[in-house]
Amino acid sequence: MRKLAVILLSALVFMMCTEKKGRLHEVELKQAEEMKSGVRVENVFLDLKYGLSQSAVFSRFRQLAYQGVIDLGKGSVFEYTMKLDTQTVKAGFHTEFYHDSLYSFSLLLKGKNEAEAETLRQLMLKELKMKFGEPFVIPSEEDTTKRDFYFVKDNQRIELLYPFQARKCAVTYVDYPMETRMIQEEMRLEKEARKKNNQKK
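Residues numbered from 1 in each chain as written. Predicted model: local features only at pLDDT ≥ 70, side-chain atom pairs only at ≥ 80, totals over all residues. Heavy atoms only, no water.

A. Local environment of the overall build of the chain. Each helix and strand in the chain was counted, giving five helices and ten strands. In the chain, which comprises 201 residues, the proportion classed as buried is 35%. Nonlocal contacts in the chain, meaning residues at least 24 apart in sequence, comprise 50% of its contacts between residues at least 6 apart. Total accessible area on the chain stands at roughly 13,200 Å², and carbon and sulfur atoms take up 55% of it. (Helix = DSSP H or I, 4+ residues; strand = E, 2+ residues; numbered from the N terminus. Buried < 20%, exposed > 50% of the residue type's maximum accessible area, 1.4 Å probe, protein only. Contact = heavy atoms within 4.5 Å. Areas by Shrake-Rupley, 256 points an atom, 1.4 Å probe, with all protein chains shown as cover.)

Structure follows, in C-alpha cells:
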C-alpha cells in the first residue's frame, strides 16, 4: 500500500507540474510562429516604443502631459482619459525595462469596485477583438473559475488578465522576444550563482 501511495503521489505531482508548464503552451507556439515572419511592432502607445530607455519614456510622458494628451493626477502620477464604449475611463501606466529598454507597458483601467473592473475588462476585450481577432482563452492563475485572454501578433503579446487588484484591470503589451532574452539571462545567472554556491561547500 505504501508503494502504491508513493506511485500515486508521484503521478499527481507530475500531472500538476505538466499542467503548470503547459498553461501557456498554445500562446508560446503562436509566438514562435509569429517570430518567423520577422515583422516587428515598435509603437506601443501614444508613440511610446519598445526599446526606449526609462528616461526617454518618462520624457515622453512629460511631453504628452504638456500637450494635454495625458494628465498629472494625484501623487504626481500620469493618467490617461479614454473612451470605452459609452464610458469615460481613467487609466494609469505601468512600465517594465530590461537593460534599460522598455519591453512591457500596461494600461491600468480604474474602476470603482471589482465588478466595475471586470466590466472594463470585458469592454477592452471587445475592442481588442475588433483589432486582433479571437484571443487565446486560458483559466486564470488567480482564480481558475475566471479567464485570462492573450492576443499574439508579430513580436507583441497583449495580456488581458483577471483583475490583479480589486479596482483595476490591466491591459499589458509585451515585446516577448525581449522578455524571452530577459528570462534566459535570469536563468543563466541563477544557474551560475548555484554553481558558485556549490563550489564553496
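B. Local environment of the sheet that holds strand β6 (residues 101-110). Spatially, the eight strands line up as an open sheet ordered β3-β4-β5-β6-β10-β9-β8-β7, and their pairing is antiparallel. The outermost strands of the open sheet, each flanked by one partner alone, are β3 (71-72) and β7 (136-139). Where strand β9 (residues 156-160) lies against strand β10 (residues 168-175), five bridges are found, and the strand directions are antiparallel. Looking across to β10, one finds that Arg 157 is bridged to Val 174. On the sheet, helix α2 (residues 25-35) packs against β7, β8 (147-153) and β9 and is oriented at approximately 10° with respect to β8. Strands in contact with helix α4 (residues 114-132) are β4 (78-84), β5 (87-98), β6, β8, β9 and β10; relative to β8, the strand with the most contacts, it is inclined by about 25°. (Pairing = 2+ DSSP bridges. Axes fitted to C-alpha atoms, helices over the stretch in contact; angles between N-to-C directions.)

C. Representation of unusual backbone geometry in the model. In this structure, Asp 47 takes a positive phi of about 70° despite not being glycine. Mapped onto the fold, Asp 47 is located in the loop between β1 (43-45) and β2 (48-49). Residue Asp 47 is classed as partly exposed on the basis of its relative accessible area of 46%.

D. Spotlight on the packing of aromatic side chains. For the structure on display, the rule yields eight aromatic pairs. Measuring from centroid to centroid gives 5.8 Å for Phe 45 and Phe 93, while their planes differ by 55°, and the two rings are tilted. Here Phe 93 lies in strand β5 and Phe 45 lies in strand β1, a separation of 48 residues in the sequence. Like Phe 45, the residue Phe 93 is buried in the burial classification. Ring geometry for Phe 58 against Phe 61: centres 5.6 Å apart, planes inclined by 70°, an arrangement best described as edge-to-face. Of this pair, Phe 58 and Phe 61 both sit in helix α3 (residues 54-66), three residues apart, roughly one helical turn. (Phe/Tyr/Trp six-rings, centres within 6.5 Å; stacked < 30°, edge-to-face > 60°.)

E. Region of interest: the pairing of β4. For β4, the buried fraction is high: five of the seven residues fall into the buried class. Of the pairings in the sheet, the one linking β3 to β4 comprises two bridges and is antiparallel in character. Note on β4: the bridge partner recorded for Leu 72 is Phe 78. Linking β3 back to β4 in an antiparallel pair, the connection comprises five residues, with Gly 75 at a positive phi of about 70°. Alignment of β4 against β5, held across five bridges, turns out to be antiparallel. Note that in β5 the partner of Met 82 across the bridge is Val 89.

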